[in-house]
Amino acid sequence: MLLLHPENKIKMKAIWTILLLIVSNVFMTFAWYGHLKLQEMKISSSWPLIAVILFSWAVAFFEYCAQVPANRIGFVDNGGPFNLMQLKVIQEVISLTVFTLVAMVMFKGQTLQWNHFAAFFCLIMAVFFVFLK
């Protein structure tokens, strides 16, 4: 078995945290907005609201299966590289990035405008500031 240098272990935890957050946010986006696409495709149009909620909860279960380990692996008190604020800001940036990509692919009528790019720039600056020492 290859032993990793402690610095490489931290890097691997950062990579695993980010990958799990991406997976988590893909499921989250589908849990929150996938039912709208199903409705648009006339699949869930006749579903009662409780069925839509249960469908979303079922998808969200898989979100939590990635989100909880991501936070545990990445949290500094568990040997990870990120403090709580850093984890949250990373998660939000990933969340909005995944949402934007999914919305552009699944919902063809959605377009990016200048103010969306300005908001993304602000998010990038948030990441910069949260990691500033």
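Going by the structure above, here's the rest.
The structure reproduced in this document is the subject of the present report. (Residues numbered from 1 in each chain as written. Predicted model: local features only at pLDDT ≥ 70, side-chain atom pairs only at ≥ 80, totals over all residues. Heavy atoms only, no water.)

Mapped onto the secondary structure, Q67 falls in helix α2 (residues 49-74). Within the structure, Q67 has its side chain in polar contact with the side chain of S24 (distance 2.8 Å). Beyond its immediate chain neighbours, meaning those up to four positions away, Q67 contacts L21, S24 and Q91. (Helix = DSSP H or I, 4+ residues; strand = E, 2+ residues; numbered from the N terminus. Polar contact = N/O pair within 3.5 Å; in protein donor to acceptor, adjacent residues only side chain to side chain. Contact = heavy atoms within 4.5 Å.)

In this section: the pattern of salt bridges. A full pass over the atoms with the stated rule returns two salt bridges. For K88, the salt bridge goes to E92, with nearest N and O atoms at 2.7 Å. Within this pair, K88 and its partner E92 are both found in helix α3 (residues 84-106), separated by four residues, close to a single helical turn. The partly exposed category is assigned to K88, whose relative accessible area is 45%. Overall, the relative accessible area of 30% leaves E92 in the partly exposed class. (Salt bridge = Lys/Arg side-chain N within 4 Å of Asp/Glu carboxyl O. Buried < 20%, exposed > 50% of the residue type's maximum accessible area, 1.4 Å probe, protein only.)

Under the 1.5 Å per step criterion, the end-to-end length of α2 is 36 Å for 26 residues, consistent within 8% with the ideal 38 Å. The axis of α2 is deflected most strongly, by about 25°, at E63. When α2 is considered as a whole, its buried residues turn out to be V52, S56, V59, A60, E63, A66, Q67, A70 and G74. Contact partners of the buried residues in α2: α1 (6-40) and α3. (Expected span 1.5 Å × (residues − 1). Bend = angle between axes of the 7 residues up to and from the residue.)

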